[in-house]
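One-letter residues, chain by chain:
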Protein chains: 2
Amino acid sequence: MKYSKLFSKTTKTVSEDEVSNNAQLLIKAGFVYKEMAGAYCYLPLGIRVLEKIKQIVREEMNKIGGEEFIMTSLQRKELWEKTDRWDDGKVDVWFKSALKNGTEVGFGWSHEEPISEMMKLYINSYRDLPVYVYQFQTKMRNELRAKSGIMRGREFVMKDMYSYSVSDEAHEEFYNKAKEAYLASFERLGLGDDTFFTFASGGAFTQFSHEFQTICDAGEDICYLHREKRIAVNEEVYNDEVLSQLGLKKEDLEQVKTAEVGNIFSFGSTKSEELDLCFTDEAGEKKPVILGSYGIGITRAMGVIVEKFHDENGIIWPENVAPFVVHIVSIAKDESDEAYKKAEELYNELNEKEIEVLWDDRIETRPGEKFADADLIGIPTRVVVSSKSLENGGYEVKKRNENDSQIVSKDELLKMVK
Amino acid sequence: MKYSKLFSKTTKTVSEDEVSNNAQLLIKAGFVYKEMAGAYCYLPLGIRVLEKIKQIVREEMNKIGGEEFIMTSLQRKELWEKTDRWDDGKVDVWFKSALKNGTEVGFGWSHEEPISEMMKLYINSYRDLPVYVYQFQTKMRNELRAKSGIMRGREFVMKDMYSYSVSDEAHEEFYNKAKEAYLASFERLGLGDDTFFTFASGGAFTQFSHEFQTICDAGEDICYLHREKRIAVNEEVYNDEVLSQLGLKKEDLEQVKTAEVGNIFSFGSTKSEELDLCFTDEAGEKKPVILGSYGIGITRAMGVIVEKFHDENGIIWPENVAPFVVHIVSIAKDESDEAYKKAEELYNELNEKEIEVLWDDRIETRPGEKFADADLIGIPTRVVVSSKSLENGGYEVKKRNENDSQIVSKDELLKMVK
């Protein structure tokens, strides 16, 4: 893509009420636009990152047998009343509205109820199990405050997966696979080193739920890490009894601020019983289905990545989620300039090889401004094509996360970005 | 994908209040699930079709310079008040709710206002123009009645594109390109032959708006077609004056029922003036930006395809949007059966060649039921692998839209589905 064609140019103006680092950087660099507190538009650069994150997660969910589908945002009141999660006193993040005939409807902040209700149509016998389904859904949550940029929104994208199993054992087996798929996802997103499998408070059915917490100063949680064991304990369950249960000693743990990027949860048979989701087992006996749910905040993960990977000049995208792989900056007086032509040649060649490239082809913009924009946008490899670089034998390559640049030939460059 | 792993099996039960053909077929075949009137979930087969339709439209929009992005569903009241489209008396399809602090919000039924407001940040000079942006957005419309299945929903997916141009001439040029891109999209979706560029009622700025109307008995419009000229006139503007203006004679026109699958609209400078979206031209003069908007109902197009391409046994998907290219039906007593092994071998080979294949690998299901399911689901090529087909020299191939089958070798089969 040519930068001159991109409408969402970098900007210096960010409204003062935008207090979060991630949103400030993403707005300045032209990845997102703030519609209202907690609701952001994803501009061309932003949607590229979002789709890459989704694709990584999609691949990992498919690997463990997940089937993608998509539910509705509109929700039926009577369904959520069955599990006592309609009342605003019980769930305080509903956006509600009404149909023309007065029937109240809600906008989905979670989807366990409708998906489990739907499964009553498809799950009757043990032969219909297991079922593993997931969606990328725009969730609506009427948060009282929304000050964490894209890390906590009123409207945000979540990957939610649901598992339906015949028994606790079968559930446990999938639950462990899902855990591994989550760790693999965060690894590929560039968050692997700082993301920990975390023990958090459970529900009616289990003592613990499990979270994936990433070390992050902008996070809202406090966790106690055991770095060697790669596990953490959320402060909400941090007490002597739990520590001894988990075989952890206080002195081995490190207190850190973290952001929750995922969670996995066993419902056992509670929700199935409330909604009457049952199956007939091999002996002909009616049993409730065992349910698990598994979430990754997609937009939140993007926010956490920005919080963790930036410096005073801008964002530093991990390779796998960067909007482009290469950022060409041409420095030329006009389009007949040798540097412009060489840049164009390189741009075409990279496109042919399907290496994603953004070319800052602007003529009238000062080089300093272009370099500042490249740093702000944060594409991993910057390639400057100028009369000076060409005199010195080629293309000036600099990694966004390194300080030094080097002049390389085209062949060397192509090898570097493959 | 193996059919045994697909949770969304075919079903014979469709609730009686589902009166539309498209939804009945899609529900029976396991493509969609009805959450409430006008709001459908897209199951694994359904989301595959939806994504194919989106990808075709995406490619055509990219070809004419469109940049993909995505706005929010949440809408600010004050913005829509500027153009007098907040009041329920003026726009009667709003779903509205409120933030915790009482601030009213709406859920986007259209996006001209917020996108044009956003563009004030990015468009200042003639150098910033033109801008062409599009999104695939889940629109919310509080329809009084929703009885057309996925053809008219309370929650549905739309591709909406917006163009921002410096002058009427520049706008006109893009508008014509968009028209061609629309015709190309409908052609690729399998709707080309029966879709007509249609003159419909305009707005404050233009005499006509332009629709793309597809001949369809389930449609809600009446149009008058000129088949040779490939144009139509919506009955809302069908009168002597218009016909003479368009150089059409009544006797050459054919009255048909149609479904609107797309529309394109020139706003001129009206909306820009209401929202104060201006730019400075080359002479330093301030001018309002010329706006166009261009919509394709993605889920609606899927519904129209089903309405047009089905028979008494089920859906008949056009190749380009079919959930899979090949539907293998193995007829085998158990997994050690030669027919099962040969089917598995074929399945693996097609997957390796990245030819999308659904394999009905069920053992205990009767052949007749499997054939009925294959017809209902409507994948273009059905391949039966049975002891009989193998004795006769290979694989029994039948196109969904043909009556006769033939036995072919694997090489011949691979050539047919490439």
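In the nomenclature of an unreviewed UniProt entry, chain A corresponds to Proline--tRNA ligase from the organism Candidatus Dojkabacteria bacterium. In its Catalytic activity (unreviewed entry) section, UniProt records this for chain A: "tRNA(Pro) + L-proline + ATP = L-prolyl-tRNA(Pro) + AMP + diphosphate".

## Looking at the UniProt feature "coiled-coil region" (unreviewed entry) in chain A
Under the UniProt annotation, the feature "coiled-coil region" (unreviewed entry) is placed at residues 329–356 of chain A. In residues 329–356 of chain A, helix accounts for 54% and strand for 7%; the two terminal C-alpha atoms are 14 Å from one another.

## Side note on the sheet that holds strand β6 (residues 104–107) of chain A
Residues and elements named next belong to chain A. With respect to topology, 3 strands assemble into an open sheet ordered β4-β6-β5, the strand pairing being antiparallel. Where the open sheet ends on each side, the last strands, each with one partner, are β4 (74–76) and β5 (95–98). Taking each pair of neighbouring strands and ignoring which way they run, the sheet shows an average axis angle of 40°.

## Focus on the interface of chain B and chain A
Across the boundary between the two partners, chain B contributes 40 residues, which contact 40 residues of chain A. Residue assignment for the side of chain B that touches chain A shows that the elements contributing at least two residues are β1 (32–36), β2 (39–42), α2 (44–63), β3 (67–68), β4 (74–76), β5 (95–98), α4 (112–122) and β7 (131–140) of chain B.

## Observations concerning the domain arrangement of chain A
Residue and element names in this part refer to chain A. You can read the domains of chain A as domain 1 (8–73 + 108–311) and domain 2 (324–417). Just the C-alpha atoms count here: the centres of domain 1 and domain 2 sit 38 Å apart. Of the residues lining the interface, 4 residues belong to domain 1; the matching set on domain 2 comes to 4 residues. A breakdown of the residues in the side of domain 1 that touches domain 2 according to their chemical character gives 2 nonpolar, 1 polar and 1 charged.

## Describing the nonpolar core
Formed by 230 residues in total, the largest nonpolar core has its most connected members in V32(A) and V32(B). When near neighbours in sequence (up to four residues on either side) are disregarded, V32(A) contacts A23(A), L26(A), I27(A), Y40(A), C41(A), Y42(A), L43(A), G46(A) and I150(A).

## A look at α2(B)
Residue and element names in this part refer to chain B. Its 20 residues give α2 an end-to-end C-alpha distance of 29 Å, which sits within 8% of 28 Å, the value for a rise of 1.5 Å per residue. Among the residues of α2, those classed as buried are P44, L45, G46, R48, V49, L50, K52, I53, I56, V57, E60 and M61. Of the residues flanking the end of α2, it is G65, one or two places downstream, whose phi is positive at about 95°.

Analysis parameters
Sequence order as written defines residue numbering, which begins from 1 separately in each chain. Naming scheme: in the order in which they are written, chains are lettered from A and ligands are numbered from 1. Since the coordinates come from a predicted model, pLDDT governs what is reported: local features require at least 70, and pairs of side-chain atoms require 80 or more to be given and counted, while whole-chain, interface and lining totals use all residues. UniProt positions are given in the numbering used here, feature names are shortened, and annotations may be inferred rather than shown by experiment. Only DSSP runs of H or I covering at least 4 residues are called helices, and only runs of E covering at least 2 are called strands; the numbering of each starts at the N terminus. Pairing between two strands requires that DSSP report at least two bridges joining them. The convention used is that axes are lines fitted to C-alpha atoms, helices contributing only their stretch in contact, and that angles between N-to-C directions extend from 0 to 180 degrees. For every residue pair, C-beta atoms are placed from the backbone, and the pair is scored as a contact if these atoms sit within 7 Å. In this document the domain limits rely on a domain assignment from an automatic tool or a database. Side-chain classes are defined by residue name, with Ala, Val, Leu, Ile, Met, Phe, Trp, Tyr, Cys and Pro counting as nonpolar, Asp, Glu, Lys and Arg as charged, and the others, Gly among them, as polar. The nonpolar core is taken to be a set of buried Ala, Val, Leu, Ile, Met, Phe, Trp, Tyr and Cys residues joined by way of C-beta atoms within 7 Å. Residues are called buried when their C-beta atom has 20 or more other C-beta atoms within 10 Å, exposed when it has 12 or fewer, and partly exposed otherwise; all C-beta atoms are positioned from the backbone. Expected span of a helix: the number of residues minus one, times 1.5 Å.

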